[in-house]
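Structural description and commentary
Okay, here's what each chain looks like letter by letter:
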Amino acid sequence: MPGDFCVRDRLFLLAHDEDRGFRPRIHLRTLGVGLSGAVLIDLVAAGRIHVAGNKAAITDLYDHRQVGDPIDDHALATVRASYLPPPASHTLPPAVRPGSPSLRDLITRMAAGIYERTLGGLVAAGLVTHTRIRLGRSRYQPADQTVLVHAGGALRDVVAGRSGADEATDGLCALIRLLRLHDALYLGDPSQVDPGLAQASVRLQTHATQPCTDILAIVAAIDAAIGDITVAVYR
């Protein structure tokens, strides 16, 4: 089993119902937006980006190291493309390109294809299996039960009040609550689970560090992007 899952992979696994053939629990467009925002949360937790003026910003434009995850690296490159080439002198601040996307627009753009890329990454890592069934259709399943336990166990302990949480896990709690994936935690009725999830946002607000406020801003932008999807459906 690899090390701790990133927020994106944990969200993906929890958003699928293993009792119903690993089907998504929510609409794929909504899940895609959630996964897109989860990537930004992972990058905030890694100290590679922050939120400034309702836009994603590179924390250190002179740091060209890759994260090591293809999806995260692509997202980091996308955020970096919002800047003009940095000046040769480190004493001058980098300039943002005119018309660079807002946090909500960035999340919406990044959502395209992220579901398939996340699934492909989990298959490549051996955490999800892929088999062909009739008529060329595909079936995906977790490689074994420990994958799901590893993805959700620590989160359940946090929501149930049995352990503390880091900023990334609190961000995941906020996403689970926003996407209404309470049932994925198997901790009882959603009304019983919701207070534990809501405490994550309280902790982020109370700590009020840069990563905490950034994660709250990302969650708010995800909520707005989901609202855009809902409006588009009814047009």
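The sections below set out a description of the structure shown in this document. (Residues numbered from 1 in each chain as written. Predicted model: local features only at pLDDT ≥ 70, side-chain atom pairs only at ≥ 80, totals over all residues. Heavy atoms only, no water.)

Moving on, we come to the overall build of the chain. Looking only at helices and strands, one finds 9 helices and 6 strands in the chain. Relative to the compact-globule value of 18 Å for 235 residues, the chain shows a C-alpha radius of gyration of 18 Å, a close match. For the chain, long-range pairs separated by at least 24 residues make up 62% of all intrachain contacts whose partners lie at least 6 apart in sequence. If you sum the accessible surface of the chain, you get close to 12,000 Å²; carbon and sulfur atoms cover 53% of it. Separation of charge centres in the chain, based on 24 positive and 24 negative side chains, amounts to 7 Å. (Helix = DSSP H or I, 4+ residues; strand = E, 2+ residues; numbered from the N terminus. Rg over C-alpha atoms; globule rule 2.2 N^0.38 Å. Contact = heavy atoms within 4.5 Å. Areas by Shrake-Rupley, 256 points an atom, 1.4 Å probe, with all protein chains shown as cover. Lys, Arg positive; Asp, Glu negative; His and termini not counted. Charge placed at Lys NZ, Arg CZ, Asp CG, Glu CD.)

A few words now on the pairing of strand β4 (residues 55–58). Working note: regular strand, side chains alternate between the two faces of the sheet. Here strand β3 (residues 49–52) runs beside β4; their pairing, made up of 4 bridges, is antiparallel. Looking across to β4, one finds that A52 is bridged to K55. Between β3 and β4, which pair antiparallel one after the other, the connecting turn spans 2 residues, and G53 there sits at a positive phi close to 60 degrees. (Pairing = 2+ DSSP bridges.)

The next thing to look at is the side chain of R8. With respect to the helices, strands and loops of the structure, R8 is situated in helix α1 (residues 7–14). Side chain to side chain, R8 and D72 meet in a polar contact 3.2 Å long. In contact with R8, not counting residues within four places along its chain, are L35, A38, V39, D42, D69, I71, D72 and T118. (Polar contact = N/O pair within 3.5 Å; in protein donor to acceptor, adjacent residues only side chain to side chain.)

With 5 bridges joining them, strand β5 (residues 128–132) and strand β6 (residues 138–142) adopt antiparallel strand pairing. Paired with R132 across the strands is S138, a residue of β6. Linking β5 back to β6 in an antiparallel pair, the connection comprises 5 residues, with L135 at a positive phi of about 60 degrees.

Further remarks concern unusual backbone geometry. Positive phi outside glycine occurs at F22, with the angle close to 60 degrees. Within the secondary structure, F22 is located in the loop between β1 (16–17) and β2 (23–24). When its relative accessible area of 6% is taken as the criterion, F22 is described as buried. (Buried < 20%, exposed > 50% of the residue type's maximum accessible area, 1.4 Å probe, protein only.)

On to the side chain of D170. Examined against the element boundaries, D170 turns out to sit in helix α7 (residues 167–178). Apart from residues lying up to four places away in sequence, D170 is in contact with A165, A200, R203 and L204.

What follows covers helix α5 (residues 114–124). If you check which residues of α5 are buried, you get I114, Y115, T118, L119 and L122. The arc that holds every buried residue of α5, seen down its axis, measures 135 degrees, which confines them to one face. The exposed residues of α5 that point more than 90 degrees off its buried face are E116 and A124. Just past α5, the residue G126 takes up positive phi, approximately 80 degrees. (Arc of directions from axis to C-beta.)

Just geometry here; none of it tells us what the structure is for.
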